[in-house]
Amino acid sequence: MLDLIVGKVGPVFLTILCGFLLIYFKVISREGIPFLAKIAMNAFIPAMLFQTLSKSDISAHFDLRLWGSYYTGILLNFALVFFVARAWLKAKTDEAAITAMGGVFSNIVLLGIPLVQAVYGEEGLVPLLIVLSIHPLTLMGLTILIVEGTRSGDGHWLPKVLRSVVRVVKNPIIIAIVLGVLASLSGLRMPEMVDGTLERFKTAGPTIALLLVGAGLYGQSVRGNLSASLLCTVAKMFVQPLLVFSVGHFIFDLPPLWLTIVTLVAALPSGANVAILAGSYNICIDRSSTTILITTIVSILTLPLLVLYAGPH
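Presented here is a report on the structure given in the accompanying data block. (Residues numbered from 1 in each chain as written. Predicted model: local features only at pLDDT ≥ 70, side-chain atom pairs only at ≥ 80, totals over all residues. Heavy atoms only, no water.)

This part takes up the overall build of the protein. What the protein contains, in helices and strands, is 14 helices and zero strands. In the protein, the order of α-helices and β-strands from amino to carboxyl end is α-α-α-α-α-α-α-α-α-α-α-α-α-α. Computed over its C-alpha atoms, the radius of gyration of the protein comes to 19 Å, within 12% of the 20 Å expected for a compact globule of 313 residues. For the protein, the proportion of its 313 residues judged to be buried stands at 51%. (Helix = DSSP H or I, 4+ residues; strand = E, 2+ residues; numbered from the N terminus. Rg over C-alpha atoms; globule rule 2.2 N^0.38 Å. Buried < 20%, exposed > 50% of the residue type's maximum accessible area, 1.4 Å probe, protein only.)

What follows is the structure, given as C-alpha cells:
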C-alpha cells in the first residue's frame, strides 16, 4: 500500500514542491505565473479533458448518482458553513456566501485531475470529469445569486447573475467537457495528426497545473479573519468528505471506485475561483486567500492518507 503513496501520490506533491522552488529560486518570476496559468487553463487542460472524454464511453459511465452523491453533500456543507458564519462570525449575507464557497469549492482542475489521473488512471478520470462538468456553474452560480441578491436594491439583480453564469459557461474547460461528451456520444474520432497533438497537450497539462499550485503558494501568508479561514478549512477538508462519502455510500450506493473519486474530490483544497470571486466583489479577499493556503497545506497530509485508506481499484 505504501508503494501507492510513494509511486503515484508522491510525484504529484513533489511536482507541487518543484513549482514552489522554481519561484523561490527565481527560475520563474511571479509575473510569469499568470502567463503559465493562461496557457494551462485555455489550451493544455481543455485539450486533455476533450481527448479523455471523447475516447471514453460516456453513455456507459454517466450516472446521476454521481451528481446526487457529490452535490447533495456539497450543498449540505455550503448551508452549514453559511449559517455558522452568520451566527458565529456575525457575517453579513454576502460575506457568509463567499465564506461558504471557500468551504466547499474544490481545486479539481489544478490538483484533482492530476492526482486522480496519477492514482486511478483514465477509469477514475471519467467520473471526476462528470462531477466537474457542472461544478463551477452550480457552486459559483449559487454564490453569485446570493451576493447579487443582497446588492439588488434596484431589483435588477437577475441580469447580473445571468452575465456571470454566461462567463462560467464560456470557460474553455466547460466548453472542452461539453465537446468531449458530444464527441463520445456521437462516436466522433479525431484525425491521427490532431489526436497526436492533443496527446502532447494532455501530457503537459497536469504537470503545468501542479507546478502552478506550488508556485501559487510562494509568498502567501495568513491574513484576514483567521477564525473564518479555520472554519472553512475544517468544513472543506474534514466535514465535506465525510458528508459526500455518507451520501454516496448510504443513500446512492455508489460503486467503490466512484465513491472513492467523489470523496477524494470533496477532500481537495479550496480552488482559486474562491479568491477570484471574492476579488471581483471585494468581499473577504484576505480570508479567501488564507483559506486556499491553509487547505492546500493540510491536503499534503490528508490526501495521501485518504488514497492510502481507499487503496487501489
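Still more to cover.
At a minimum axis separation of 8 Å, helix H6 (residues 108-132) and helix H10 (residues 192-217) run at an interaxial angle of 130°. Judged on the interaxial angle alone, H10 and H6 are oblique. Judged by the sense of rotation from one axis to the other, the crossing of H6 with H10 is left-handed. Residues Val109, Leu110, Leu111, Pro114, Gln117 and Glu122 of H6 form the contact with H10, whose own contacting residues are Lys202, Pro206, Ala209, Leu210, Leu212 and Val213. A per-class count over the contact of H6 with H10 returns nine nonpolar, one polar and two charged. (Axes fitted to C-alpha atoms, helices over the stretch in contact; angles between N-to-C directions. Parallel < 35°, antiparallel > 145°, perpendicular 65-115°, else oblique. Left-handed = near helix turned anticlockwise from the far one by under 90°. Contact = heavy atoms within 4.5 Å. Nonpolar A, V, L, I, M, F, W, Y, C, P; charged D, E, K, R; others polar.)

With that out of the way, let us pick up H10. The terminal C-alpha atoms of H10 lie 39 Å apart, and with 26 residues this matches the ideal 38 Å at 1.5 Å per residue to within 8%. Positive phi appears at glycine 219, one or two residues downstream of H10, with a value of about 85°. (Expected span 1.5 Å × (residues − 1).)

Further remarks concern helix H11 (residues 226-251). Between its first and last C-alpha atoms H11 spans 35 Å; for 26 residues at 1.5 Å apiece the expected length is 38 Å, and the two agree. Largest kink in H11: about 40°, centred on valine 239, with the proline proline 241 one to four residues after it. Here H11 starts with a cap whose side-chain oxygen sits 3.1 Å from the backbone nitrogen of serine 227, and that cap is asparagine 225. Downstream of H11 by one or two residues, aspartate 253 has phi in the positive range, about 50°. (Bend = angle between axes of the 7 residues up to and from the residue. Polar contact = N/O pair within 3.5 Å; in protein donor to acceptor, adjacent residues only side chain to side chain.)

To continue, consider the pattern of salt bridges. Under the criterion given, the structure shown has four salt bridges. In this structure, glutamate 122 and lysine 202 form a salt bridge, with 3.1 Å as the shortest nitrogen-oxygen distance. Taken together, the residues span a long stretch of sequence, with glutamate 122 in helix H6 and lysine 202 in helix H10 at a distance of 80 residues. (Salt bridge = Lys/Arg side-chain N within 4 Å of Asp/Glu carboxyl O.)

By secondary structure assignment, the location of leucine 162 is in helix H8 (residues 158-169). Spatially, the C-alpha atom of leucine 162 lies 48 Å from that of aspartate 3, the residues being 159 residues apart in sequence.

Membership of the largest hydrophobic core comes to 89 residues, with the highest contact counts inside it found for Leu49, Tyr70, Ile113, Leu128 and Leu132. In terms of residue count, H6 provides more of this core than any other element does, 16 residues in total. Not counting residues up to four positions away in its chain, the partners in contact with leucine 132 are Leu49, Ile108, Val109, Ile113, Ile173, Ile174 and Ile177. (Core = buried A, V, L, I, M, F, W, Y, C linked by side-chain atoms within 4.5 Å.)

Our focus in this paragraph is the packing of helix H4 (residues 64-87) against helix H7 (residues 135-150). Between H4 and H7, the least distance of the axes is 12 Å, while the angle of their chain directions is 25°. The angle between the axes of H4 and H7 places the two elements in the roughly parallel class. Remark: the crossing between H4 and H7 carries right-handed chirality. The residues of H7 that touch H4, namely those facing Tyr70, Tyr71, Ile74, Leu75, Phe78 and Phe82, are His135, Thr138, Leu139, Leu142, Thr143 and Ile146. Split into classes, the residues belonging to the contact of H4 with H7 amount to nine nonpolar, three polar and no charged.

Once that is clear, we can look at the side chain of threonine 291. Looking at the secondary structure, you find threonine 291 in helix H14 (residues 285-310). A polar side-chain atom of threonine 291 sits 2.8 Å from the main-chain carbonyl oxygen of arginine 287. Those residues in contact with threonine 291 that sit more than four places away from it in its chain are Gly102, Ser229, Cys232 and Ser270.

This part takes up the environment of arginine 287. With respect to the helices and strands, arginine 287 occurs in helix H14. The class for arginine 287 is buried, based on a relative accessible area of 13%. Here the alpha-carbon distance between arginine 287 and serine 229, two residues 58 residues apart in the chain, equals 5.6 Å. In contact with arginine 287, other than residues within four places in its own chain, are Glu95, Thr99, Arg223, Gly224, Asn225, Ala228 and Ser229.

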